[in-house]
Amino acid sequence: MSMAVVGMIAGMALGFAGYFGGFPAFLLVASLGTIGFFVGRFVDGDLEPGDFFRVRDRDDDRRR
């Protein structure tokens, strides 16, 4: 399934939640969709737990 179709389905789900359940339902569906996206990426192996907790490298040349 292409990302355009996935985006369309997600948009339709958010639209239905917003229309029938109001703004709180819209926020609930959006947040659960975001969590599900990251869990899916983690299960597929595209993300690792260390990606969220990695310390950024400091580049001393940028400060000069």
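You'll find the structure just up there.
Quick caveat: nothing in here was measured; it's all calculated off a predicted structure.

Undergrad: Explain the overall build of the protein to me, and be specific about the residues and the numbers.
TA: When helices and strands are tallied, the protein shows two helices and zero strands. Accessible surface, the protein as shown: approximately 5,900 Å² in total, 65% of it carbon and sulfur.

Undergrad: Let's hear about the packing of aromatic side chains: which residues, and what values?
TA: Throughout the structure, instances matching the rule amount to four aromatic pairs. Taking 4.9 Å as the distance between ring centres and 85 degrees as the angle between the ring planes, the aromatic pair formed by Tyr 19 and Phe 20 counts as edge-to-face. The pair formed by Tyr 19 and Phe 20 is uniform in burial state, with each residue classed as exposed.

Undergrad: How would you summarise helix H1 (residues 3-44) if you had to cite specific residues and measurements?
TA: With 42 residues, H1 extends just 15 Å between its outermost C-alpha atoms, more than 12% less than the 62 Å of an ideal straight helix rising 1.5 Å per residue. Gly 21 marks the point of greatest bend in H1, at about 145 degrees, and the proline Pro 24 comes within the next four residues. The positive-phi residue at the C-terminal boundary of H1 is Gly 45, with phi of around 95 degrees.

Undergrad: I'd love a proper account of a nonpolar patch on the surface, names of residues and values included.
TA: On the surface, Met 1, Met 3, Val 5, Val 6, Met 8, Ile 9, Met 12, Phe 16, Tyr 19 and Phe 20 cluster together into a nonpolar patch covering about 1,200 Å² of accessible area. Looking at the secondary structure, you find Val 6 in helix H1. Residue Val 6 is classed as partly exposed on the basis of its relative accessible area, which comes to 38%.

What counts and how
- The numbers attached to residues start from 1 for each chain and follow its sequence in the written order.
- Owing to the predicted nature of the model, reporting of local features is limited to residues with pLDDT of at least 70; listing and counting of side-chain atom pairs is limited to 80 or more, with chain, interface and lining totals taken over all residues.
- Hydrogens and water molecules were not included; the side-chain quantities draw on all heavy atoms of the structure.
- Helix and strand labels come from DSSP, where a helix needs a run of H or I of at least four residues and a strand needs a run of E of at least two; each type is numbered from the N terminus.
- Throughout, the Shrake-Rupley method with a 1.4 Å probe supplies accessible areas, and for residues the shown protein chains are the sole cover considered.
- Only rings of Phe, Tyr and Trp enter the pairing, Trp through its six-membered ring, and a pair is recorded when the two centres are within 6.5 Å. The plane angle decides the type: under 30 degrees is stacked, over 60 is edge-to-face, the rest tilted.
- Only protein chains enter the calculation, and the probe is 1.4 Å; a residue is then buried if its accessible area is under 20% of its type maximum, exposed if over 50%, and partly exposed in between.
- To estimate how far a helix should reach, multiply one less than its number of residues by 1.5 Å.
- Throughout, the bend at a residue refers to the angle made by two axes, fitted to the seven residues ending there and to the seven starting there.
- Here, patches come from residues exposed beyond 30% relative accessible area and free of salt bridges, joined within 9 Å for like charges and within 5 Å for nonpolar side chains (Val, Leu, Ile, Met, Phe, Trp, Tyr).
- Salt-bridge detection follows one rule: a side-chain nitrogen of Lys or Arg within 4 Å of a carboxyl oxygen of Asp or Glu.

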